Amino acid sequence: MAADYYAALGVSRNATADELQQAYRKLARRYHPDINHGPDAEDRFKEINEAYSVLSDPDTRRRYDRFGEDFRQIPEDYEERVAAGGGGRAGAGGFRRTGGFDSSDIFDDLFGSFFARGAAGPMAGADQEAELELTVEEAYQGGRRPITLESQSGPRTYSVTIPPGVVDGQRIRLAGQGGRGRGDGQPGDLYLVVRIAPHPRYRLSGRDILVQLPVSPWEAALGATVPMTTPGGEVKVKVPKGSSSGRQLRVAGEGMPNRRGKAGDLIAEVRIHVPARLSRRERELFEELSAVSGFDPRSGS
């Protein structure tokens, strides 16, 4: 999937100049590397700047709207060349047939000879993007895996190294795997945008992992140290006495790993569970507790 400058700025394709500027300023403040130290902030900031530099210039924006990601590879005097070749005019949706010929043929003839002569010189290929969906466990562990993406020439398979602890929105760069260059131009890069799939147990907030921690009524009342399974293995969580459902317990450093800084935390939310079926003795003990306890959860005393 090719980069979309409108999507990068979060605006529609018919956005006004003022709307473009407002979107750019908002995003630039959010992702400026001096302010945002997230793992993908610098790449996102560069993407925002590139998008605004293209769309804020009316001529460049018109060429981008017409030719998409390949607009840099189209000579600026293309329209004059087409007009000189037969007076045809390219419509907004592509090339249309006029005057008994197809102007797309002119495009092929013109640029076939143009690039064959090397008149334009080497031109680098365009960078491209695709989404890479990972489970929470895959994002936590990282590793090497093959992925297959569709391209104009058919499916292509890549071997991708996933850094441990990637987060949603982070980009993985595959150098030289983007659009092909012209002449001796270098190919562009392929960026894989990580998307973390919903998980039945874990929820991510940045690098923090949020998970529910089932405890018994006596563990919640008396306090306990209980085991808990995480994407990185089993950890021990200390439940303070008098814990109620909804209480959040933070275990530092047990969230998503971070090669460049501090790891995230594990945030365990207490959930008190009661036995679905009571033995005779359990029932007697609960009845005894009910008789002697003055605790009223509805009044907080």
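Below, the structure is looked at part by part. Since the structure is predicted, the reported quantities are computational estimates derived from the model, not experimental observations.

### Points about the overall build of the chain
Right, so step 1: Within the chain one finds nine helices and 13 strands.
Right, so step 2: Considering only contacts in the chain between residues 6 or more positions apart, those separated by 24 or more positions represent 54%.
Right, so step 3: Accessible surface for the chain amounts to roughly 18400 Å². Of this, 48% is attributable to carbon and sulfur atoms.

### Considering the sheet that holds strand β8 (residues 203-205)
Right, so step 1: Ordered by their spatial adjacency, four strands build an open sheet running β8-β9-β13-β12, and the pairing between neighbours is mixed. At either margin of the open sheet sits one strand with a lone partner, and together these are β8 and β12 (248-251). Taken pair by pair, the neighbouring strands of this sheet meet at an average axis angle of 35°, ignoring direction.
Right, so step 2: Alignment of strand β9 (residues 208-215) against strand β13 (residues 266-272), held across seven bridges, turns out to be parallel. Looking at β13, one finds that Leu213 is bridged to Val270.

### Notes on the pattern of salt bridges
It is possible for side chains of opposite charge to pair when their charged atoms get near one another.
Right, so step 1: As enumerated under the stated definition, the model contains 16 salt bridges in all.
Right, so step 2: Between Arg171 and Glu129 there is a salt bridge whose closest N-O contact spans 2.7 Å. Of the two residues, Arg171 is situated in strand β6 (residues 171-174) and Glu129 in strand β3 (residues 128-134); the sequence distance between them amounts to 42 residues.
Right, so step 3: By relative accessible area, which is 13% here, Glu129 ends up buried.
Right, so step 4: In this structure, Glu284 engages Arg281 in a salt bridge whose closest nitrogen and oxygen atoms are separated by 3.3 Å. Linking Glu284 with Arg281, this pair stays in helix α9 (residues 280-292), spanning three residues, or about one helical turn.
Right, so step 5: Connected through shared salt-bridge partners, Asp4, Arg13 and Asp65 make up one network.

### Things to note about the packing of aromatic side chains
Right, so step 1: Per the counting criterion, the structure on display carries three aromatic pairs.
Right, so step 2: Between the aromatic rings of Tyr24 and Tyr52, the centroid separation amounts to 4.3 Å while the plane-to-plane angle is 10°, which identifies the pairing as stacked. You can see Tyr24 sitting in helix α2 (residues 17-31) and its partner Tyr52 sitting in helix α3 (residues 41-55), a full 28 residues away along the chain.
Right, so step 3: In this structure Tyr24 comes out as buried when scored by relative accessible area, which is 18%.
Right, so step 4: A relative accessible area of 19% places Tyr52 in the buried class.
Right, so step 5: Taken together, Tyr5, Tyr6 and Tyr64 form an aromatic cluster joined through their ring pairs.
Right, so step 6: Taking NZ or CZ as reference, Arg44 lies 5.1 Å from the ring centre of Tyr31, over its face.
Right, so step 7: The ring centre of Tyr191 lies 4.1 Å from the NZ or CZ of Arg171, which sits over that ring.

### Some points on α2
In an α-helix there are 3.6 residues to a turn, and that puts residues three or four apart on one side.
Right, so step 1: The end-to-end C-alpha distance of α2 is 21 Å, a good match for the 21 Å that 15 residues give at a rise of 1.5 Å each.
Right, so step 2: Residues of α2 that are buried sit in contact with α1 (5-9), α3 and α4 (58-67).

### Observations regarding the pairing of β13
Right, so step 1: Taking burial as the measure, the seven residues of β13 include five buried ones, the bulk of the element.
Right, so step 2: When β12 meets β13, the two strands line up antiparallel, connected through four bridges. Its bridge partner being in β13, Leu249 is matched across the sheet by Ala268.

### A word on a nonpolar patch on the surface
Right, so step 1: Residues Trp218, Leu222, Leu278, Phe286, Leu289 and Val292 make up a contiguous nonpolar surface patch of roughly 610 Å² in combined accessible area.
Right, so step 2: Within the residue set of the nonpolar patch, elements represented by two or more residues are α8 (217-222) and α9.
Right, so step 3: Here the nonpolar patch gets three residues from one element, more than from any other, and that element is α9.
Right, so step 4: Here Trp218 is to be found in helix α8.

Rules of the game
- Residues numbered from 1 in each chain as written.
- Predicted model: local features only at pLDDT ≥ 70, side-chain atom pairs only at ≥ 80, totals over all residues.
- Heavy atoms only, no water.
- Helix = DSSP H or I, 4+ residues; strand = E, 2+ residues; numbered from the N terminus.
- Contact = heavy atoms within 4.5 Å.
- Areas by Shrake-Rupley, 256 points an atom, 1.4 Å probe, with all protein chains shown as cover.
- Pairing = 2+ DSSP bridges.
- Axes fitted to C-alpha atoms, helices over the stretch in contact; angles between N-to-C directions.
- Salt bridge = Lys/Arg side-chain N within 4 Å of Asp/Glu carboxyl O.
- Buried < 20%, exposed > 50% of the residue type's maximum accessible area, 1.4 Å probe, protein only.
- Phe/Tyr/Trp six-rings, centres within 6.5 Å; stacked < 30°, edge-to-face > 60°.
- Lys NZ or Arg CZ within 6 Å of the ring centre and 35° of its normal.
- Expected span 1.5 Å × (residues − 1).
- Patch = residues over 30% accessible without salt bridge, like charges linked within 9 Å, V, L, I, M, F, W, Y side chains within 5 Å.

Don't take any of this as a statement about function, it's just geometry.
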